Amino acid sequence: MKQQIYLDNAATTRTRPEVVEAMLPYFTEYYGNPSSVYDFSAPVKEAVQKARETIASTIGARTEEIYFTAGGTEADNWAIKAAAEAYRDKGNHIITSKVEHHAVLHTCQYLEKHGFEVTYLDVDETGTVKLEELKKAIRPTTILITIMFANNEIGTIEPVKEIGEIAKEHGILFHTDAVQAYGHLPIHVDDLNIGMLSASGHKINGPKGIGFLYIRKGVKIRSFVHGGAQERKRRAGTENVPAIIGFGKAAEMAAGSMEERAIKEARLRDYLISRVMAEIPYVRVNGHRTRRLPNNVNLAFQFIEGESLLILLDSKGICGSSGSACTSGSLDPSHVLLAIGLPHEIAHGSLRLTLSEENTKEEMDYVVDTIKTVVERLRNMSPLYEDFMKNK
């Protein structure tokens with residue numbers, strides 16, 4: 001069997017054995033519906049509440065401010081659509097950025113078809129939202145600012161604290177998509193003036209199909225799914241108990257290992273980047289060099305196609321991506337890379353590698369050596385590269 005090096009942890013992570021172990025009893029032994037009133041369901045209800053308490057503690061929230069969802073995409077949709085509906089009597093203007101996940105961008109585009117106005121903020125060459133532009137975009141009718149915590153493609157960490165302060169100063173609700181940041185970066189919702197926050201279990205070694213939306217107490221937001229009284233009448237449907245238990249366990253483990261994990265991942269990240277930059281010409285690092293997720297590497301190689309690079313890396317046992325897994329079937333260049341100013345031909349040559357604490361320095365050496373070989377091979381087949389070298 002060929003060597004397998006998994007470097008696509010921004011797409012999904014391996015569910016930890018401890019998480020699976022915590023989930024298993026809730027499939028076969030404690031399988032009652034937590035909304036039922038009989039004694040058999042009492043321990044199930046208690047376990048769900050404990051998971052909610054654990055998750056709330058990881059972001060400095062109250063237990064009753066955590067609402068479970070089917071994932072980050074649902075949480076984003078709920079936050080934006082329900083806030084737009086709830087605050088429509090105040091205004092119809094929403095502010096977001098051009099580098100958001102499509103769960104946010106497509107939701108905003110949907111609302112534009114229903115009478116809302118959306119400002120899509122430009123970012124600088126690192127992918128960072130410009131605070132002065134944010135301030136200028138605010139109108140009397142602005143009801144929501146939704147800016148991600150950290151970018152899923154290029155890893156840039158946005159100035160969330162400053163954005164929260166601006167929102168608070170103007171009395172505007174602030175939502176952040178923290179799917180990539182939760183469990184990887186310290187988050188305290190009060191310190192950051194966050195009104196709503198989205199997160200997902202499978203980005204932190206938890207199960208897929210589970211997420212949460214933090215809704216600050218007092219925020220006027222309505223139900224997103226109708227048909228029952230679950231989640232304090234705000235999100236109908238029988239709770240996904242095993243996944244909730246798994247999410248709680250994963251959150252506990254992620255919070256406990258965050259600092260140590262970040263140090264190790266950042267060290268490997270910087271080592272990989274430094275070798276690539278020193279040994280491969282005509283390549284650039286996308287995203288902020290220091291204010292970025294500890295495990296994120298995003299590189300753009302001139303004169304090659306990212307898809308060809310991914311296929312050849314896969315043949316050598318390396319799993320990476322060219323951007324978000326949600327758009328992997330698209331032939332269009334990344335909207336994030338275009339937003340930071342890359343021309344189409346360079347944006348097409350992007351590679352995203354997202355590490356985990358399980359990766360090693362030896363693996364990074366193998367990855368860099370393989371990238372060097374593959375990039376050289378692809379450039380030798382490229383008419384653009386041939387013309388460039390002739391005219392150099």
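Before any of the text, the structure's been laid out above.
Residues numbered from 1 in each chain as written. Predicted model: local features only at pLDDT ≥ 70, side-chain atom pairs only at ≥ 80, totals over all residues. Heavy atoms only, no water.

Undergrad: Can you tell me about the packing of helix α10 (residues 306-315) against helix α13 (residues 361-380), naming the residues and giving the values?
TA: Where α10 meets α13, the closest approach of the two axes is 10 Å, and the angle between their N-to-C directions is 135°. Between α10 and α13, the angle is such that the two are oblique. Between α10 and α13 lies a crossing of right-handed hand. Packed against α10, whose contacting residues are S308, L309, L312 and L313, the element α13 presents T370, I371, V374, V375, R377 and L378 at the interface. Considering only residue class, the contact of α10 with α13 consists of 7 nonpolar, 2 polar and 1 charged. (Axes fitted to C-alpha atoms, helices over the stretch in contact; angles between N-to-C directions. Helix = DSSP H or I, 4+ residues; strand = E, 2+ residues; numbered from the N terminus. Parallel < 35°, antiparallel > 145°, perpendicular 65-115°, else oblique. Left-handed = near helix turned anticlockwise from the far one by under 90°. Contact = heavy atoms within 4.5 Å. Nonpolar A, V, L, I, M, F, W, Y, C, P; charged D, E, K, R; others polar.)

Undergrad: Lay out a nonpolar patch on the surface with the relevant residues and their values.
TA: Taken together, the side chains of V20, L24 and F27 present a nonpolar region at the surface, about 270 Å² in accessible area. Relative to the helices and strands, F27 is located in helix α2 (residues 25-28). (Patch = residues over 30% accessible without salt bridge, like charges linked within 9 Å, V, L, I, M, F, W, Y side chains within 5 Å. Areas by Shrake-Rupley, 256 points an atom, 1.4 Å probe, with all protein chains shown as cover. Salt bridge = Lys/Arg side-chain N within 4 Å of Asp/Glu carboxyl O.)

Undergrad: I'd like a rundown of the nonpolar core, residues and numbers included.
TA: Counting residues in hydrophobic clusters, the biggest one holds 64 residues, and the most contacted among them are F149 and F212. For this core, the element with the highest residue contribution is helix α9 (residues 241-279), accounting for 8 residues. Core analysis: the next-biggest nonpolar cluster, separate from the first, contains 28 residues, F301, L310, V367 and L378 among them. (Core = buried A, V, L, I, M, F, W, Y, C linked by side-chain atoms within 4.5 Å. Buried < 20%, exposed > 50% of the residue type's maximum accessible area, 1.4 Å probe, protein only.)

Undergrad: Pulling in residues and values, what's your account of the pattern of salt bridges?
TA: By the definition in use, this model includes 21 salt bridges. When the shortest N-O distance is used, the salt bridge between K220 and D89 registers 3.9 Å. Pair noted here: K220 is in the loop between β8 (211-215) and α8 (230-233) and D89 is in the loop between α4 (72-86) and β3 (93-97), with a separation of 131 residues, a long-range link. One salt bridge connects R139 with E117, and the closest N-O pair in it is separated by 2.4 Å.

Undergrad: How would you sum up the environment of I194? Please name residues and give values.
TA: Position of I194 relative to the elements: it lies in the loop between β6 (173-177) and β7 (196-200). With relative accessibility at 0%, the residue I194 sits in the buried group. Along the backbone, I194 and K161 are 33 residues apart, and their C-alpha atoms lie at a distance of 8.4 Å. Ignoring sequence-local partners within four residues, the contact set of I194 consists of F149, V160, F174, T176, V189, Y214 and R216.

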